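Single-letter residue listing:
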Amino acid sequence: MSRSRLGSAAKTGGPPGTRPGLALAALAGAQFVVTLSTSVVNVALPAIRDGIGLTGSGLSWVVNSYGLAFGALLLLGGRAADLLGRRRVLLAGLALFAAASFGAGLATAPWTLLTARTLQGVGAAAVAPAALSLVMRLFPPGPRRGGALGVWGAVSGAGGAAGVLAGGVLTESLGWPWVFHAAGLGAAVVLAATVALVPAVAPPSREARRPLDIAGALAVTAGLVALVHGLTTARSAGWGAPPVLGSLAVAAALLVLLVLIERRHREPLVPPRLFAQGPVAPANLVMALLGAVWVGLFFFLPLHQQQVLGAGPLEAGVSQLPLAVANMLGSWAAPRLARRLGPHLTLAAGLLAQSAGLLWLTRISARGSFLGDLLGPSVLIGLGLGIAFVQLTAAAAPIAATARPAGRADAAELVELTGDLETVGAYDFGGRLTSAMTAHPKEDPETGELHFFASSPFPPFLIHHVASPEGQVLQSQEVPGAGAALKHDFVITEHHVVFLEGSVTLDPGEHSGIPYAWSDVQQARIGVMPRRNGGASRVRWFDILPGFGMHFANAYEDAQGRIVIEGPAVGRDGWQRSWNWWVGAPDRGAEPNSGSRTRRWTVDLTAGRVAEEQIDDLTVEFPTINEAYTGREHRYQYALSFPDDRGVGNHTLVKYDRRTGKRQLLPVGNGQLPSEAVFVPAAGATDEDAGYLLTVVSDLNADASRMLVLDASDLSLPPVATVHLPRRVPAMIHGSWIPDTAAG
C-alpha cells in the first residue's frame, strides 16, 4: 500500500546582492569600536581623575565598569542574538553603545560617568557576539573564513592600540570628554553602515525560541562585580579586612549559585556539557586569558609611560603604534602560517612569542626608556597576540558566534591511513577543513569530487564541503535555512546536493546521553541545493511527511528534470523502538528493528512540490548501490531486512530490481546479523550488478563474525568466499573497499 503527498516549496537562501566584503568592513568596524572603547580611556585616566574628582581606587572603575558589564553579559548577548536575530541585536547594541558614549562625555559626576561606562559595556556585550556571528554566517569554513578572521583579529588588536593613540591625541588637544564623544560618533557611523551593508537574517520562529537565562546573567554579573571589588579593595585595605573578605565570600556564593542555575535551566548561558566539547572549552579559556593580557597591557603601559617615565598623553599614545602594527601583522600572518604549519603549531608559536614578550617586560625599570625597555617586548607581544587570537577565534568560533557550545551531531574526525591500513593521524585537508565530517561522504563517479557535510544542533547547522580528487578542499559553504534536525546522510545528483531534515531534532531533555528525540512540531523537509556557482544562496526547502531517514540509497534527475530520492524512513513509533534499542533502554526490544520501509520522494523543481510514496513493504535499512551510479539513475539496490511480522523470519539481504519490481532475498540464519552490504565491481564489468557484495555477519549467539563474499548478480548462488574473522566485529558496521593496487 502506497501513499503520496504534495508539499509546497519554501525558498530560502542568502539575500540577493549581498556584498560580503563591504558587510565584513561594517562588522569589523563594530568590533573596532568595541575594542577601542576598552582602551581609549587609559591614557586619559589622569585627566579624568582631575576633571571629575575620582579617587585612586575609583579611577580603576572607569575601566572595570565597562569591562565587567561587557564580559559578564557577553554570553547573554550572544544568546539574545540567536533568539531575536543577529542583525537586530547588533543594531540595538550599537544604538545603546552610542548613546552611552555621548552620556559619558557629558558626565559631570563620578556616578554618572560610571553608569554611562556600564551601559557602554552592556551595548558592547550585544555588539561583539552578534557581529562575529554574522561574520561566521557570511563566510563559510575555508580560506575565505580564514581571511575574514584574519581581518577580525587585526581589527581587534588595532582597536585596542588605536584607542590608546586616540585617547592621547584627544585628551591633549580637545580634552578627556572627547575620548567618549569619539566612540559615540564611531558607533553611529558603524550603525549606519550596518543598516546599509549587512543583510538581514530572519530570526528563528517562535516555536524554535527558548527562554533567556536571565538568572544566570544576573548571578555571573553580580559575582564578578563582587570579586573585582574585593580584589581592588584589598590593595588599600589589606587581604584580611572585613570588606575584602565579605566581597570575596559573596563572589564565591554567587558563582556557586551560577553553577546550580546553569544545571537546572533549559537553555543555560554556560551549559555544563560545554567543558566536554573537544577544543572548544580550552580555546575559550585561553581566549579569556589572552583578553586579560591585552586589556592589562593597555591599562598599565600608558600609566607606566606617563607616571613613571614622564611622557605626556600624546607621546604615550603614539608609543602604542608598534604594538598595534605588530598585532595586525600577526593577524595577517596567522591563516597563512596555519596552512603551512597546521593550526596547533601556529597557535603554539603565537603563545610562545607572547610569553617571551611578557617575560621581557618583567625586566623594565623605573629609569628605563621606551626604546630601550618597551619597544622590543611590545612588538613581540603584538605578533604573538595577533597570531594566537585568530587561531583561538577559529577554534572557539561556535561559542563566540552563538554563545553556546557547538556540540555537533554526527561529528567525526577524518583519519588518514597508509596502504597497509595503519593510522597516520587526523587529516584536515592541510588545515582547510575546520568542521566535522559526516560518515557518509559521496564521490561523484564522473568528476571524482568528494561531497560531505558537517551537521550541528547549533548554528551553523549545516556546512557543505567539496574536495577535489587530489584532496584539496574546493568549496565550503553554510547551507541557509537548515535547522537543528539530526542529519546523518545525504545524497547528490548530477546537478544538485540534497539534504533531508526529518522529525528528529535536538532535545536537551533526552537523558540517554545522545540528546535527540522525535518532534511532532518540527516540519520534515527536503533541501535542494545546486552544486555549482555558490549554490547555497539558491537552496530551496520543501515540506514532506513526518518521518526520519538515517540512510539513503541514491538520488538522480529523471528525464523530466525531477529529483528522485529513495531510502528507508520511519515514523514516530519506529524511531522510538529503534532508539530504545541503541541507547540500551530498559524496555528495549530484542532486535534493533525500527519498522523502516523504503520511500520514494520525487521533487518537481518547476512545480515546486514533492510527491512521496512507500514503494516496498519490507523492513529494511543500510541501502547500498553500485557506487559508479551515484547521483545517476540506477537499476539495482541492496539492503538489510530485519525480522518483522510484515517481512521475513530472520535477518536477510535483499536485492531490488527497480526496473522489473522484483526482489531477491538471502536469509542468513537466526541470530546472524549482516552488516551493510558493500558493492565491489568485478574487473572489466559492464553490467551494473556484475560484481560482489561484501558483508560482515555477526553471530549474536557465538560471539563471532565472518565476512561473506557474495555474487551480486544472483544472491541464490553459494558464497564466493567465507572469511572467518579472528574476533567479533560490531554488528551492522559500515564499510568500504579499496583495490589491492592501493594496498601496501
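Description of the structure in this document. (Residues numbered from 1 in each chain as written. Predicted model: local features only at pLDDT ≥ 70, side-chain atom pairs only at ≥ 80, totals over all residues. Heavy atoms only, no water.)

All right, on to the overall build of the protein chain then. Within the protein chain one finds 17 helices and 26 strands. Counting every position in the protein chain, which comprises 744 residues, the buried fraction comes to 53%. The long-range fraction of contacts in the protein chain, counting pairs at least 24 apart against all pairs at least 6 apart in sequence, stands at 65%. Of the roughly 32,100 Å² of accessible surface on the protein chain, a fraction of 61% belongs to carbon and sulfur atoms. (Helix = DSSP H or I, 4+ residues; strand = E, 2+ residues; numbered from the N terminus. Buried < 20%, exposed > 50% of the residue type's maximum accessible area, 1.4 Å probe, protein only. Contact = heavy atoms within 4.5 Å. Areas by Shrake-Rupley, 256 points an atom, 1.4 Å probe, with all protein chains shown as cover.)

Attention shifts here to the nonpolar core. Generally speaking, a soluble globular protein has its nonpolar side chains buried in company with each other. Ranked by internal contacts, the top residues of the largest apolar core, which has 73 residues, are Leu-27, Ile-48, Leu-90, Leu-113 and Phe-180. Sorting elements by how many residues they give to this core places helix H6 (residues 110–138) first, with 14 residues. In terms of nonpolar packing, the next biggest core, distinct from the first, is built from 17 residues, Val-491, Ala-524, Phe-552 and Ala-569 among them. (Core = buried A, V, L, I, M, F, W, Y, C linked by side-chain atoms within 4.5 Å.)

Taken as a whole and judged by the stated rule, the model has 19 salt bridges. In this structure, Arg-532 and Glu-449 form a salt bridge, with 3.1 Å as the shortest nitrogen-oxygen distance. Here Arg-532 is found in the loop between strand E12 (525–530) and strand E13 (540–543), whereas its partner Glu-449 is found in the loop between strand E4 (442–443) and strand E5 (450–455), with 83 residues between them in sequence. On the basis of relative accessibility, which here comes to 41%, the residue Arg-532 falls in the partly exposed class. Residue Glu-449 is classed as buried on the basis of its relative accessible area, which comes to 9%. Residues Glu-566 and Arg-658 are paired through a salt bridge, measuring 2.8 Å at the closest nitrogen-oxygen approach. Here Glu-566 is found in strand E15 (residues 563–569), whereas its partner Arg-658 is found in the loop between strand E20 (652–657) and strand E21 (663–667), with 92 residues between them in sequence. Given the relative accessible area of 22%, Arg-658 is considered partly exposed. (Salt bridge = Lys/Arg side-chain N within 4 Å of Asp/Glu carboxyl O.)

An ideal rise of 1.5 Å per residue puts 28 Å on 20 residues; helix H1 (residues 20–39) measures up with 29 Å between its terminal C-alpha atoms. Among the 20 residues that make up H1, 15 are buried, leaving the element largely enclosed by the rest of the structure. (Expected span 1.5 Å × (residues − 1).)

Note on strand geometry: in a regular strand, side chains alternate between the two faces of the sheet. One ladder, built from 6 bridges, connects strand E16 (residues 597–604) with strand E17 (residues 609–614); its direction is antiparallel. Across the sheet, residue Trp-601 finds its bridge partner in E17, namely Glu-612. The loop that links E16 with its antiparallel partner E17 comprises 4 residues; one of these, Gly-608, has a positive phi angle of about 70 degrees. (Pairing = 2+ DSSP bridges.)

The next subject is the sheet that holds strand E7 (residues 473–478). One open sheet holds the 4 strands; their spatial order is E4-E5-E6-E7, and the pairing between them is antiparallel. This sheet does not close on itself; its edge strands, each paired only once, are E4 and E7. Where E4 and E5 come together, 2 bridges link them in antiparallel fashion. Bridged to Lys-442 within E5 is His-451.

Let us now look at helix H14 (residues 343–361). Taking 1.5 Å per residue, 19 residues should reach 27 Å; H14 reaches 27 Å between its end C-alpha atoms and fits that length. Burial in H14 covers these residues: Thr-346, Gly-350, Ala-353, Gln-354, Gly-357 and Leu-361. Considered in projection along H14, the buried side chains sweep an arc of 95 degrees and stay on one side of the axis. Turned more than 90 degrees away from the buried face of H14 sit His-344, Leu-345, Leu-352 and Leu-359, all of them exposed. (Arc of directions from axis to C-beta.)

Turning our attention to the environment of Ala-611. Counting through the fold element by element, Ala-611 comes out in strand E17. Given a relative accessible area of 29%, Ala-611 falls into the partly exposed group. Separated by 67 residues in the primary sequence, Ala-611 and Ile-544 have C-alpha atoms spaced 8.4 Å apart.

To continue, consider the sheet that holds E20. The antiparallel open sheet is built from 4 strands, whose spatial order is E18-E19-E20-E21. Each edge of the open sheet carries a strand with a single partner, namely strand E18 (620–624) and E21. Averaged over all adjacent pairs, the angle separating strand axes in this sheet is 25 degrees, with direction ignored. Pairing geometry for E20 and E21, over 5 bridges, is antiparallel. Each bridged residue has a counterpart across the sheet, and for Val-654 the counterpart in E21 is Leu-665. (Axes fitted to C-alpha atoms, helices over the stretch in contact; angles between N-to-C directions.)

Now for the packing of H1 against helix H5 (residues 86–105). For the pair H1 and H5, interaxial distance at closest approach is 12 Å and the crossing angle is 35 degrees. Crossing geometry of H1 relative to H5 is assigned as left-handed. On H5, the residues touching Leu-27, Ala-30, Val-33 and Ser-37 of H1 are Leu-90, Leu-94 and Phe-97. Class assignment for the residues of the contact of H1 with H5 results in 6 nonpolar, 1 polar and no charged. (Left-handed = near helix turned anticlockwise from the far one by under 90°. Nonpolar A, V, L, I, M, F, W, Y, C, P; charged D, E, K, R; others polar.)

Before going further, it helps to spend a moment on the packing of aromatic side chains. Counting across every chain of the model gives 8 aromatic pairs. Ring centres of Phe-453 and Phe-490 lie 5.1 Å apart, and the angle between their planes is 85 degrees; on these two criteria the pair is classed as edge-to-face. One end of the pair, Phe-453, is in strand E5; the other, Phe-490, is in the loop between E7 and strand E8 (491–492), with 37 residues separating them in the sequence. Looking at Phe-453, the relative accessible area reads 0%, which means it is buried. (Phe/Tyr/Trp six-rings, centres within 6.5 Å; stacked < 30°, edge-to-face > 60°.)

Phi angles above zero are rare outside glycine, and Phe-622 is one such case at about 55 degrees. Of note, Asp-703 is a non-glycine position whose phi angle comes to about 55 degrees, a positive value. Here Asp-703 shows up in the loop between strand E24 (691–699) and strand E25 (704–711).

This part takes up the side chain of His-634. As for its position among the elements, His-634 is in the loop between E18 and strand E19 (636–641). A distance of 3.1 Å separates the side chain of His-634 from the side chain of Asn-554, its partner in a polar contact. For His-634, the side chain forms a polar contact with the side chain of Gln-637, separated by 2.7 Å. Not counting residues up to four positions away in its chain, the partners in contact with His-634 are Asn-554, Tyr-556, Glu-566, Ile-625, Tyr-629, Arg-658 and Glu-688. (Polar contact = N/O pair within 3.5 Å; in protein donor to acceptor, adjacent residues only side chain to side chain.)

Don't take any of this as a statement about function, it's just geometry.
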